[in-house]
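Commentary on secondary and tertiary structure
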Protein chains: 2
Amino acid sequence: MRPTIADVARLAGVSKSSVSRVLSGNTSYMSEVTRRRVETAIHDLQYRPNMIARSLISNRSHTVGLLISDVSNPFYPEVIHGVEDVAMEHHYDVFLCNINYDLNRGMHFVRSLISRQVDGVMIMSSSMSDEWLTELTRYQIPTVVLDWQVRSIEGTAGSITVDFERGIRAAVDHLIALGHNHFAHVSGPLGLHTSRLRRDAFLSSLAQHGVDPAAVPVIEGDLSIDGGSRGLEQLLSFSQRPTAVFAANDLTALGIVWSARDRGLRIPEDLSVIGLDNIRLASEIHPPLTTVALPQAEIGKMAMHMLLELLQRGEPLEKMLNAQVETQLMIRRSTSPPGG
Amino acid sequence: MRPTIADVARLAGVSKSSVSRVLSGNTSYMSEVTRRRVETAIHDLQYRPNMIARSLISNRSHTVGLLISDVSNPFYPEVIHGVEDVAMEHHYDVFLCNINYDLNRGMHFVRSLISRQVDGVMIMSSSMSDEWLTELTRYQIPTVVLDWQVRSIEGTAGSITVDFERGIRAAVDHLIALGHNHFAHVSGPLGLHTSRLRRDAFLSSLAQHGVDPAAVPVIEGDLSIDGGSRGLEQLLSFSQRPTAVFAANDLTALGIVWSARDRGLRIPEDLSVIGLDNIRLASEIHPPLTTVALPQAEIGKMAMHMLLELLQRGEPLEKMLNAQVETQLMIRRSTSPPGG
DNA sequence: CTGAAAGCGCTAACAT
DNA sequence: ATGTTAGCGCTTTCAG
């Protein structure tokens, strides 16, 4: 049996309260001697406090949940890092849940987190259900959501929205400055809000430069390398081939680059490619990818900070918190004037 | 306040015990009526049992910890999946901890997991400290370790070892059959046991074919893309250039392939490259990478299953459990006869 | 078949 | 400055 606070008390010859006091650092009114005795007893027994018992009293588990679509998506690692760093700083632990693009699985995790009395939850899944939020707020669990148009919810919640506009506009400006005039977009699943945002930002920025959006082919991909490959194939079948393509994410862009290469096209001479996310690989491939960067670690940190803030305020907010992160163009080697 | 079992009991007009009975499905000796009343009360109150309170009694948190080096390492996603899948099946939740290659951080997590009373722990970090295991077994927490030479530990533990031999021998056979006779290896950090295993397997397989191991350059890398690039540069500086190189992992292999390409070498005509792991990217790049595959998902599943078994047996084992997984050569397009 | 009571490990008044 | 007591939400004997 693992030693309990009672064992420590017995060994030290004091009461449980005294032990509890040194555990919580409530040591101001204690005699040096008792403190010492307790400390040695703790050490001798290799006693470790039982968080479960603590949580039962305090109603706080010092744990937060983080729901993501899929660990294997290279967008997440840095985000997770950001979350973990801030969490660790504040002595929180993180329950990472892989939704795996499965809404049911998501709901399962949500219920499980509720039962576990997590103090808060962050949802960063491209596909999520409003139900999750409803369930979470029903039990007053503070929740932060990334990049999801939430109809303002009653309860303690916050959201982080990504300003794609700015980075994407910079990307378009860059392409225009290079002299391109035939564009294309390989999007994410257009059922996703975020895919539409990216597409619209691209098209409207183009329009600002006098390019007719209707003339810009949009191919629906699936945010994967394979989707990018397929997108490129379609692009090549058009009579009017684009000289520059904007991909909804870096994975898609990689698929485009590699398939284009395979077909004998040179990147960037024959085709300029811009991605989005700025995953690690983007700078490691050849040529390194020009991309609209998301501040991944910052997103993670911000989410956890916002959650912490939500946790502090006891009462439900009258209005959801909101924060915005900026995107930023990283110019690398996958873009050049058309023809080189 | 969230409803408790008392609220349900009150609403249903029964005792807490009765509610508890239906919660645990202990419904055999109950009247249909009471069961119904309780069920409706649970539903009306949207009651969710408090796992924390349950755990306090049962001493089991239905939670396991999974320590990994770094989420961003593409080796892990499938492993994590495997673990999660069988964990979910058995109603366990997984605490994912990113050691981040930091031994202190690892110890921190270990202590935290102990305080949280996790039922078991899996350690899958390339660098780990024996201390972790000592600490874990001190508190009788069943632990499964991947690919780490554990001096047999007293307590409830298991290990999964990877048989690199077989897959690597197949890789060497393949290279020899293709007609290669100048080899090189870009290893992982040779401080790591697993790096030495891989290197030794390569060298000894080569020896079996009459190749003098002393004549085979081994360049110490760091299991990253960058390390691969640097490895290739060194390789090119040798008077006798190898025609085939075996990399300690796929990331290293990618670095080699891409850098070689950059320097105008053709893959596989001018250089055959074999990786190890079989990460997803390996089959998505061009040319797809020949690699010694680790059964990632299987490793995850096996680890969780072994942990479950450890959990079943109450008493400490007299001997550690052990299981082995096989590696397998995946022949793709990054290898060919020298010169094409 | 159902309820009352004790107790899991800990903290937080309340005494002393 | 320290000990005593009650109780967090739940399960589990033990009575009835």
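All figures in this text were calculated on a predicted structure; none of them were measured in a lab.

1. Quick look at the domain arrangement of chain A
On domain assignment, one finds that chain A holds domain 1 (5-49), domain 2 (61-162 + 296-325) and domain 3 (164-294). Computed from C-alpha atoms alone, the centre-to-centre distance between domain 1 of chain A and domain 2 of chain A is 37 Å.

2. Here's the deal with the protein's contact with DNA strand C
Looking at DNA strand C, there are 22 residues lining it, with Ile5, Tyr47 and Arg54 of chain A together with Arg21 and Thr34 of chain B nearest. Among atoms of DNA strand C positioned within 4 Å of the protein, sugar and phosphate together represent 61%. In the environment of DNA strand C, a base nitrogen lies 2.8 Å from a nitrogen or oxygen atom belonging to the side chain of Lys16 of chain A. Among the elements of the structure, helix H2 (16-23) and helix H4 (51-58) of chain A together with helix H2 (16-23) and helix H4 (51-58) of chain B are those that each provide at least two residues to the surface near DNA strand C.

3. A closer look at the interface of chain B and chain A
Across the boundary between the two partners, chain B contributes 54 residues, which contact 54 residues of chain A. Taken together, the two surfaces of chain B and chain A that pack against each other cover about 5200 Å², and 54% of this comes from carbon and sulfur. Counting across the chain B and chain A interface gives eight salt bridges. For Arg116 of chain A, the salt bridge is made with Asp93 of chain B, and the minimal N-O distance between the two is 2.7 Å. Where chain B touches chain A, the interface holds 30 residue pairs in polar contact (both at pLDDT 80 or more). Among the elements of the structure, H4, helix H5 (76-89), strand E2 (93-98), helix H6 (103-115), helix H7 (130-138), helix H11 (250-262) and helix H12 (280-284) of chain B are those that each provide at least two residues to the side of chain B that touches chain A.

4. Structural notes on a nonpolar patch on the surface
On the surface, Leu56 and Ile57 of chain A together with Leu56 and Ile57 of chain B cluster together to form a nonpolar patch covering roughly 420 Å² of accessible area. Every element with two or more residues in the nonpolar patch is listed here: H4 of chain A together with H4 of chain B. Looking at where Ile57 of chain B falls in the secondary structure, it is placed in helix H4.

5. Quick look at the protein's contact with DNA strand D
Among the 23 residues in the neighbourhood of DNA strand D, the closest are listed as Ser15, Ser17 and Thr34 of chain A together with Ile5 and Tyr47 of chain B. Per the 4 Å cut-off to the protein, sugar and phosphate atoms form 60% of the nearby atoms of DNA strand D. Interatomic distance of 3.2 Å between a side-chain N/O atom of Ser18 of chain A and a phosphate oxygen of DNA strand D. In this structure, Ile5 of chain B approaches DNA strand D through a main-chain N or O atom, which is 2.4 Å from a phosphate oxygen. Breaking the surface near DNA strand D down by element, the ones donating at least two residues are H2 and H4 of chain A together with H2 and H4 of chain B. For the surface near DNA strand D, the class distribution of residues is ten nonpolar, ten polar and three charged.

6. Some thoughts on the relation of the copies chain B and chain A
Here chain B sits on chain A after a turn of 180 degrees about the axis and a move of 0.0 Å along it, with an RMSD of 0.1 Å. Viewed as a symmetry operation, the transformation between the two copies matches a two-fold axis. When you check the interface residues of chain B against chain A, 100% turn up at the interface there too, and the contact is symmetric in its surfaces.

7. Brief notes about the sheet that holds strand E1 (residues 63-68) of chain B
Residue and element names in this part refer to chain B. The strand order E2-E1-E3-E4-E5-E11 describes an open sheet built from six strands, whose pairing is parallel. Either end of the sheet is taken by a strand with one partner, and the two such strands are E2 and strand E11 (321-326). Shown here is a sheet whose adjacent strand axes are inclined to one another by a mean of 15 degrees, direction ignored. As paired elements, strand E3 (residues 120-124) and strand E4 (residues 143-146) share three bridges and run parallel to each other. If you follow Val121 over to E4, its bridge partner there is Thr143.

8. Section: helix H3 (residues 32-45) of chain A
At 3.6 residues per turn, the α-helix brings residues three or four places apart onto the same side. Residue and element names in this part refer to chain A. Compared with the 20 Å implied by 1.5 Å per residue over 14 residues, the 20 Å span of H3 between its first and last C-alpha is a close match. Those residues of H3 lying buried are Thr34, Val38, Ala41 and Ile42. On an axial view of H3, the arc spanned by its buried residues comes to 100 degrees, and they lie on one face. Opposite the packed face of H3, turned more than 90 degrees from it, sit the exposed residues Val33, His43 and Asp44.

9. Examining the packing of aromatic side chains
Residues and elements named next belong to chain B. With the rule as written, the count across this model stands at six aromatic pairs over all chains. A ring pair is formed by Phe202 and Phe246, whose centres lie 5.0 Å apart and whose planes are at 35 degrees; its orientation type is tilted. Note that Phe202 is positioned in helix H9 (residues 193-208) and Phe246 in strand E8 (residues 244-247), a separation of 44 residues in sequence. By the burial criterion, Phe202 is buried, and Phe246 matches it.

10. Examining the environment of Thr291 of chain A
All names here are of chain A. On the secondary structure map, Thr291 appears in strand E10 (residues 290-293). What makes Thr291 buried here is its relative accessible area of 0%. Put simply, Thr291 and Ala215 are 76 residues apart on the chain and 23 Å apart in space, counted from C-alpha to C-alpha. Excluding residues that lie within four positions of it along the chain, Thr291 makes contacts with Asp250, Ile274, Gly275, Leu276, Asp277, Asn278, Gln328, Leu329, Met330 and Arg332.

11. Some remarks on unusual backbone geometry
Residues and elements named next belong to chain A. The omega angle of the peptide bond from Ile267 to Pro268 is 10 degrees, so this bond is cis rather than trans. Here the residue pair His286 and Pro287 is connected by a cis peptide bond, since its omega of -5 degrees sits within 30 degrees of zero. On the secondary structure map, Pro287 appears in the loop between helix H12 (280-284) and E10. In the Ramachandran plot, Asn100 falls in the positive-phi region, its phi being about 65 degrees despite a non-glycine side chain. Tracing the chain through its elements places Asn100 in the loop between strand E2 (93-98) and helix H6 (103-115). With a phi angle near 60 degrees, Gln140 is a residue other than glycine that sits in the positive phi range. Position of Gln140 relative to the elements: it lies in the loop between helix H7 (130-138) and strand E4 (143-146).

12. Description of the packing of helix H1 (residues 5-12) of chain A against H2 of chain A
All names here are of chain A. Where H1 meets H2, the axes come as close as 8 Å, and the angle between the chain directions of the two elements is 110 degrees. The orientation of H1 with respect to H2, classified from their angle, is roughly perpendicular. Where H1 approaches H2, its residues Ile5, Ala6, Val8 and Ala9 are matched on the opposing element by Lys16, Val19, Ser20 and Leu23. Among the residues forming the contact of H1 with H2, the class breakdown is six nonpolar, one polar and one charged.

The rules behind each value
- Residues numbered from 1 in each chain as written.
- Chains lettered and ligands numbered in written order.
- Predicted model: local features only at pLDDT ≥ 70, side-chain atom pairs only at ≥ 80, totals over all residues.
- Heavy atoms only, no water.
- Domains from an automatic or database assignment.
- Near = heavy atom within 4 Å.
- Polar contact = N/O pair within 3.5 Å; in protein donor to acceptor, adjacent residues only side chain to side chain.
- Helix = DSSP H or I, 4+ residues; strand = E, 2+ residues; numbered from the N terminus.
- Contact = heavy atoms within 4.5 Å.
- Buried area = accessible area lost by both parts, 1.4 Å probe.
- Salt bridge = Lys/Arg side-chain N within 4 Å of Asp/Glu carboxyl O.
- Patch = residues over 30% accessible without salt bridge, like charges linked within 9 Å, V, L, I, M, F, W, Y side chains within 5 Å.
- Areas by Shrake-Rupley, 256 points an atom, 1.4 Å probe, with all protein chains shown as cover.
- Nonpolar A, V, L, I, M, F, W, Y, C, P; charged D, E, K, R; others polar.
- Least-squares fit on C-alpha atoms with pLDDT ≥ 70 in both.
- Pairing = 2+ DSSP bridges.
- Axes fitted to C-alpha atoms, helices over the stretch in contact; angles between N-to-C directions.
- Expected span 1.5 Å × (residues − 1).
- Buried < 20%, exposed > 50% of the residue type's maximum accessible area, 1.4 Å probe, protein only.
- Arc of directions from axis to C-beta.
- Phe/Tyr/Trp six-rings, centres within 6.5 Å; stacked < 30°, edge-to-face > 60°.
- Parallel < 35°, antiparallel > 145°, perpendicular 65-115°, else oblique.

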